[in-house]
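# Results of the structural survey
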Amino acid sequence: MSGNEPVAKAPFEQVPKANDHPDQAISLSQALLAPRIVIEDTTPVLDGGTFAVKAVSGQAVQVTSKVYSDGHDRLSVVLHWRQAHSRHWHGVPMTSAGNDLWVAEFTPVELGLHLFGIEAWIDPYATYCHDLEKKYHAGVEVKLELEEGRLLLGKGIERSEGPLREQLVQLQQRLPTLAPDDQVALLLSPESASLMSQAEHRSYLTRSPELPLDVDRERALFASWYELFPRSVTDDPARHGTFDDVHQRLPMIRDMGFDVLYFPPIHPIGKQHRKGRNNALQAGPDDPGSPYAIGSPDGGHDAIHPQLGTREDFRRLVAAAAEHGLEIALDFAIQCSQDHPWLTEHPGWFSWRPDGTIRYAENPPKKYQDIVNVDFYAPEAVPSLWLALRDVVVGWVEEGVRTFRVDNPHTKPLPFWQWLIANVRSQYPDVIFLAEAFTRPAMMARLGKVGYAQSYTYFTWRNTKQELREYFEQLNQPPWSLCYRPNFFVNTPDINPFFLQTSGRAGFLIRAALATMGSGLWGMYSGFELCEGTPLPGKEEYLDSEKYEIRPRDFTAPGNIVAEIAQLNRIRRQNRALQTHLGVAFFNCWNDQILYFAKRTPERDNFILIAISLDPYNAQEAHFELPLWELGLDDSADTQGEDLMTGHRWTWHGKTQWMRIEPWHQPFGIWRISKLG
């Protein structure tokens, strides 16, 4: 519907908006000019229109609103939308759903900021037709009503010109030649209503405020991320991996079903206060350091670590990844090593202590002496630092990068992100920003509101049936569903969850199933497919963390879950219901160790049932209910079930069923349910 021609006769903003006058005393002149029609409770809307609701190109956006007026006159209501930078409005009529609720949908195609709004007017001809039809079918004399119809046609002719006027004249001239019953039929015909709608001057026309909608490409909603340290793509921990080495990993990453290949920072690494193995304060002569200590004499955020390769090597890798259906995502970490060129070129961008030393990063009792943070509001940093950081992002965009994972965005100013993301996307609307934010809920939601397309989540620490259900349901309700797209990363180089440290292969499969089925976005850090979980004792951190050393891996090692991950991703691609975190519903399953839920499309033409045992050690059994009522079936109906991991099919009889899940076999079931025939 995005190609509809405009139906408004004047620019949307030229007519007074509904609800311009709040409930307070107004003067007579204000009352006479106030809208007669009420347009309120419009959805979707975020913070009253302060921030844009998220949408995806090619997917319909449903708009609802309460629209009503005094009396019994019929209303015409139209939904309008346009790109923010365009003056060209599209429109589609809204349909009454009863009780003053009006509904319509539109499908944006172009990326970037859009605006939408509603206009309504009292429609005399629709009111006339409604009254005529009631009287006629009640057997009431309608001779006078037929004359009123002729007069209404005459007013339409006076307001028209060209072909429209000619058609209305023909209609009016034809009317007296017909028998009364045929006159009624002609006046009530859709053709007559359409002509009169075009000639309508729109009495008491009222328009709502314009509401923002931010349209991303599909990968902002549906993607599978794989995190990889390029320097570890080597067969010898003494040899630093390169971009050229990464080429050999592309086919396997593709075959596992991933479409985003994410690298931690690829920039030069500082040597001052470089961290050693396992975050030791002193580095050995051969320790590579943390890639998050960005900057050395070789360059800063716009440079490439020399041991990884050249800029041309990077370009070839981006192109090769694209040939495998992968796009490269880079880390945007706004922190500097003490060797970063900015410290000497722009010392005013940083905070300095009274003794003249640089203020390095701290999270007591942790100290990060290898990195220092910029001061966004230092006098010398406004606006030069902001512009420099924007130019860093744009520079990588121009190298073919369209996705950025942003490190700790909640520790940087929100106004900075709102400006930077909008500025970058005004030039490159297909760019996606992922917020690596594990912080307070309000801040995580706000990052989505100011422009982040995706976010890390609390999913990593949700383990029980109650915790998972409450979290999934929260993400499916406003305001979260309007501003926040959760990326269910199962692990990260920083986070080795306690659950994975002791649960073995079954535990990794449980978390993989929860992530892939729970959200359209999920990610895993390299080594998850090998069920790596050895921790630093008592901590949610990896022993021998790859952040501080080069870690070669054998990705075909026994016990890996590569095949299962590939099948989970294949199931996601083949079922639309699984390509979003929305559409979740929980149903009865009488076992607190089994999470049982459905993901389904609004039309219910793709209906997936998921049962995941949360116990990686013991078999679990339960009776459960098939949601036959959602398919319009009675409790005794037969349905077809299909195991999407194995392809096995069967017939279910009735609503109540039984399951047994054995974690040493497969700790979950994924079933597609459909009507027979």
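Looking at an unreviewed UniProt entry, one finds the chain named Alpha-1,4-glucan:maltose-1-phosphate maltosyltransferase, with Pseudomonas machongensis as its source organism. What UniProt states about the chain under its Subunit (unreviewed entry) heading is, verbatim, "Homodimer."

## Details of the overall build of the chain
Looking only at helices and strands, the chain has 18 helices and 28 strands in total. Taken along its principal axes, the extent of the C-alpha atoms in the chain is 100 × 70 × 50 Å. Expressed as a percentage of the 677 residues in the chain, the buried residues total 56%. Considering only intrachain contacts with a sequence separation of at least 6, the fraction spanning at least 24 residues in the chain is 75%. Carbon together with sulfur atoms contributes 51% to the accessible area of the chain, which is approximately 29500 Å² in total. Looking at charge distribution, the chain has the averaged site of its 65 positive side-chain charges lying 1 Å from that of its 86 negative ones.

## What to know about the sheet that holds strand β6 (residues 95–96)
The four strands are arranged β1-β3-β7-β6 in an open sheet whose pairing can be described as antiparallel. Here the strands that pair on one side only, and so sit at the sheet edges, are β1 (38–43) and β6. Examined bridge by bridge, strand β3 (residues 61–68) and strand β7 (residues 101–106) share six bridges and lie antiparallel to one another. If you follow Gln62 over to β7, its bridge partner there is Glu105.

## As for the nonpolar core
What tends to happen in soluble globular proteins is that the nonpolar side chains get buried as a cluster. Counting residues in hydrophobic clusters, the biggest one holds 134 residues, and the most contacted among them are Leu79, Phe263, Phe314, Phe404, Trp417, Phe433 and Ile670. Among all residues touching Phe314, those that are not within four sequence positions of it are Phe243, Ile266, Ile304, Ile328, Leu330, Trp396, Glu399 and Val401. Residues Tyr596, Leu609, Ala611 and Ile661 belong to the second largest nonpolar core, which totals 20 residues.

## As for the packing of helix α3 (residues 143–158) against helix α4 (residues 162–174)
In contact at an axis separation of 9 Å, α3 and α4 are set at 160° when each is read in the N-to-C sense. What the angle tells us is that α3 and α4 run roughly antiparallel. α4 is crossed by α3, and the crossing has left-handed handedness. Between α3 and α4, the residues in contact are Arg150, Leu153, Gly154, Gly156, Ile157 and Glu158 and Arg165, Leu168, Val169, Leu171 and Gln172, respectively. Here the contact of α3 with α4 is built from residues that sort into five nonpolar, three polar and three charged.

## Focus on the UniProt feature "site: Transition state stabilizer" (unreviewed entry) in the chain
Residues given the UniProt feature "site: Transition state stabilizer" (unreviewed entry) here are Asp494. Tracing the sequence through the fold places Asp494 in the loop between β19 (487–489) and α16 (498–502). In this view, Asp494 contacts Glu540, Glu541 and Lys547; residues no more than four positions away in its chain are not counted.

## Focus: the sheet that holds strand β25 (residues 638–643)
Within the open sheet, the six strands sit side by side as β21-β22-β23-β28-β25-β26. Their pairing is antiparallel. Only two strands of the sheet have a single partner each, and these edge strands are β21 (584–586) and β26 (649–653). Within this sheet the neighbouring strands show an average axis-to-axis angle of 30°, counted without direction. Sheet topology note: the β25/strand β28 (residues 668–675) ladder contains five bridges and is antiparallel. Its bridge partner being in β28, Gly641 is matched across the sheet by Ile673.

## So, the environment of Trp480
Here Trp480 is to be found in helix α15 (residues 480–483). With near-sequence residues (within four places) excluded, Trp480 lies in contact with Pro441, Ala445, Gln474 and Leu475.

So, how was this worked out
Residues numbered from 1 in each chain as written. Predicted model: local features only at pLDDT ≥ 70, side-chain atom pairs only at ≥ 80, totals over all residues. Heavy atoms only, no water. UniProt positions renumbered as here; feature names shortened; annotations may be inferred. Helix = DSSP H or I, 4+ residues; strand = E, 2+ residues; numbered from the N terminus. Buried < 20%, exposed > 50% of the residue type's maximum accessible area, 1.4 Å probe, protein only. Contact = heavy atoms within 4.5 Å. Areas by Shrake-Rupley, 256 points an atom, 1.4 Å probe, with all protein chains shown as cover. Lys, Arg positive; Asp, Glu negative; His and termini not counted. Charge placed at Lys NZ, Arg CZ, Asp CG, Glu CD. Pairing = 2+ DSSP bridges. Core = buried A, V, L, I, M, F, W, Y, C linked by side-chain atoms within 4.5 Å. Axes fitted to C-alpha atoms, helices over the stretch in contact; angles between N-to-C directions. Parallel < 35°, antiparallel > 145°, perpendicular 65-115°, else oblique. Left-handed = near helix turned anticlockwise from the far one by under 90°. Nonpolar A, V, L, I, M, F, W, Y, C, P; charged D, E, K, R; others polar.

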